[in-house]
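Chains, contacts and geometry: an overview
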Amino acid sequence: MHAQKSAHGVLRALARDRRQRSPRRCPARPVARNDPGFEATHWRGRIWAPMAYLAVQGLRRYELTGLSRPVVRALLRLFLDEWREHGHVRENYPATDGENLTALQKRSDGLMAWGGLLANLAFGELADARPDGWRFAHPGEPADLCGLPLGDGRLDVRATDRLTVSLDGRVLLDMAPGVTVRGYRLTADGVTGTAEGTGDLLVTPPGGGLPVTLDVRGVPRRFAVGPGGRTAGNGAGEKKNGGTDTGGTGDTGDTGGTRDTDGTGDSGTGSSGDMREGTGT
């Protein structure tokens with residue numbers, strides 16, 4: 001509870017800083033504009049991608065992704081404006097309009113790799129590799145993350161009226177915009193994860209085949225789908241290829257249901273190089 005309150009406190013500080021009378025309205029400055037130590041120069045005022053990245057990732061760690069989304073959008077807009085106008089990935093970004101960062105004496109390198117963290121945060125709104133598996137969610141507006149190289153293929157995530165996740169052109173997940181999937185893992189033996197939110201979710205079995213449909217109704221639901229769509233179900237509202245609801249309450253063997261469990265599965269510590277495990281952070 002204390003951690004949740006602390007995270008909300010950070011968010012309120014970020015939001016309050018955005019409401020200051022700055023045309024840029026960009027959050028995540030190292031020093032708040034109403035702080036006596038604020039200066040619109042270098043460390044005490046400009047926006048630094050590593051600091052912004054850590055702040056947003058901290059909010060995500062406490063599942064405050066919906067609240068952090070406006071911060072991510074503002075940072076992405078700042079990154080893209082500079083890239084489109086000057087072709088720069090900056091060491092730091094101006095907190096106020098009209099500041100020229102092109103001169104060397106302004107102390108902002110025009111090609112600094114860590115500036116790309118602002119764009120990386122936007123990628124994480126669609127797809128985020130975590131220790132317990134992948135998290136996929138619709139960002140609330142059209143977006144694409146295409147051709148991300150993984151150990152077992154190239155990942156595409158597209159947000160339109162729905163969110164689709166594909167690996168080498170094969171659809172893995174197809175979900176309503178109100179659904180979020182976390183802890184997603186794909187192996188030769190099965191697909192596992194947890195669905196949250198409201199709407200329908202189509203899960204393709206490992207190796208292909210007809211998708212299994214899960215009706216998500218606000219309560220987090222664990223699912224497990226084996227080869228050929230083999231699943232064990234103990235909850236109503238699941239269908240296979242648009243079939244009738246199983247509505248089962250026991251272990252039904254090969255049905256169109258999904259499996260709900262109390263466990264959280266493996267908390268893998270592998271790299272984000274494939275769909276089997278999340279990141280090693």
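All of these numbers come straight from a predicted model, not from anything done at the bench.

Conventions and cut-offs
Residues numbered from 1 in each chain as written. Predicted model: local features only at pLDDT ≥ 70, side-chain atom pairs only at ≥ 80, totals over all residues. Heavy atoms only, no water. Helix = DSSP H or I, 4+ residues; strand = E, 2+ residues; numbered from the N terminus. Contact = heavy atoms within 4.5 Å. Areas by Shrake-Rupley, 256 points an atom, 1.4 Å probe, with all protein chains shown as cover. Core = buried A, V, L, I, M, F, W, Y, C linked by side-chain atoms within 4.5 Å. Buried < 20%, exposed > 50% of the residue type's maximum accessible area, 1.4 Å probe, protein only. pLDDT = per-residue confidence, 0-100. Pairing = 2+ DSSP bridges. Axes fitted to C-alpha atoms, helices over the stretch in contact; angles between N-to-C directions. Parallel < 35°, antiparallel > 145°, perpendicular 65-115°, else oblique. Left-handed = near helix turned anticlockwise from the far one by under 90°. Lys, Arg positive; Asp, Glu negative; His and termini not counted. Salt bridge = Lys/Arg side-chain N within 4 Å of Asp/Glu carboxyl O. Phe/Tyr/Trp six-rings, centres within 6.5 Å; stacked < 30°, edge-to-face > 60°.

With that settled, the discussion passes to the overall build of the chain. Looking only at helices and strands, one finds four helices and 11 strands in the chain. A fraction of 47% describes how many contacts in the chain between residues 6 or more apart in sequence connect residues 24 or more apart. Summed over its atoms, the accessible surface of the chain is roughly 13,900 Å², and 51% of this surface lies on carbon and sulfur atoms.

Turning our attention to the nonpolar core. Core analysis: the biggest nonpolar cluster contains 31 residues, and F136, L173, Y184, L201 and M275 have the highest contact counts within it. Not counting residues within four places of it along the chain, the set of residues in contact with Y184 comprises G133, W134, F136, L172, L173, V191, T192, G193, F223 and M275. With 15 residues, the next largest nonpolar core counts A49, V71, L78 and L121 among its residues.

With that settled, consider the confidence of the model for the chain. On average, residues of the chain score 76 in pLDDT, and 66% of them reach the 70 mark or higher. A low-confidence stretch, residues 18-23 stays under pLDDT 50, and its non-local contacts, those more than four residues away or across chains, total 16 contacts. Within the model, pLDDT remains below 50 along residues 242-272, and this stretch shows 85 contacts once partners closer than five positions in the same chain are excluded.

Attention now moves to the pairing of strand β8 (residues 191-203). By the bridge criterion, three bridges tie strand β6 (residues 170-175) to β8 in an arrangement that is antiparallel. Paired with D174 across the two strands is L202, which belongs to β8. Pairing geometry for strand β7 (residues 179-186) and β8, over six bridges, is antiparallel. Its bridge partner being in β8, R182 is matched across the sheet by T194. Remark: four residues form the turn of the hairpin made by β7 and β8, two consecutive strands paired antiparallel. In this sheet, strand β10 (residues 221-225) lies alongside β8 in antiparallel orientation, the contact comprising five bridges.

A word on helix α4 (residues 117-126). Summarising burial for α4: seven of the 10 residues are buried, a large majority. Residues of α4 that are buried include every one of L118, A119, L121, A122, G124, E125 and L126, and no others.

Next up on the list: the packing of helix α2 (residues 49-61) against α4. The relative placement of two packed helices is expressed as an angle between their axes plus a distance between the axes. α4 packs onto α2 with a crossing angle of 20° between their chain directions and a minimal axis gap of 9 Å. Classified by the interaxial angle, the pair formed by α2 and α4 is roughly parallel. Considering the relative orientation of α2 and α4, their crossing is left-handed. Residues A49, P50, A52, Y53, V56, Q57 and R60 of α2 touch α4, and the partners they reach there are L117, L118, N120, L121, G124 and E125.

Here we come to the side chain of D156. Locating D156 in the fold gives a position in strand β4 (residues 153-159). The side chain of D156 sits in the buried core without any salt bridge; R158 is the nearest counter-charge, 4.6 Å away. Apart from residues lying up to four places away in sequence, D156 is in contact with L145, C146, G147, T164, V165 and S166.

This part is about the packing of aromatic side chains. Following the criterion strictly, the structure yields three aromatic pairs and no others. Between the aromatic rings of W134 and F136, the centroid separation amounts to 5.8 Å while the plane-to-plane angle is 5°, which identifies the pairing as stacked. Judged by relative accessible area, W134 falls into the buried class, the value being 2%. Members of the aromatic cluster, connected to one another through ring pairs, are W134, F136 and Y184.

Attention now moves to the environment of G153. Of note, G153 is situated in strand β4. Look at G153 and you get buried, because its relative accessible area is 13%. Measuring from C-alpha to C-alpha, the distance between G153 and M275 comes to 9.1 Å, with 122 residues separating the pair along the chain. Leaving out residues up to four positions away in the same chain, G153 has contacts with L148, L167 and D168.

We now examine the environment of S68. Relative to the elements of secondary structure, S68 occurs in helix α3 (residues 65-86). Distance from S68 to G58, taken between C-alpha atoms, is 9.6 Å for residues 10 residues apart in sequence. Contacts of S68, omitting those with residues within four sequence positions, involve L59, R60 and E125.

Tallied over the entire structure, the rule returns 10 salt bridges. Where R73 meets E141, a salt bridge forms, and the shortest distance between an N and an O atom there is 3.4 Å. Of this pair, R73 sits in helix α3 while E141 sits in the loop between β2 (133-137) and β3 (143-150); the two residues are 68 residues apart in sequence, bridging distant segments of the chain. By relative accessible area, which is 37% here, E141 ends up partly exposed.

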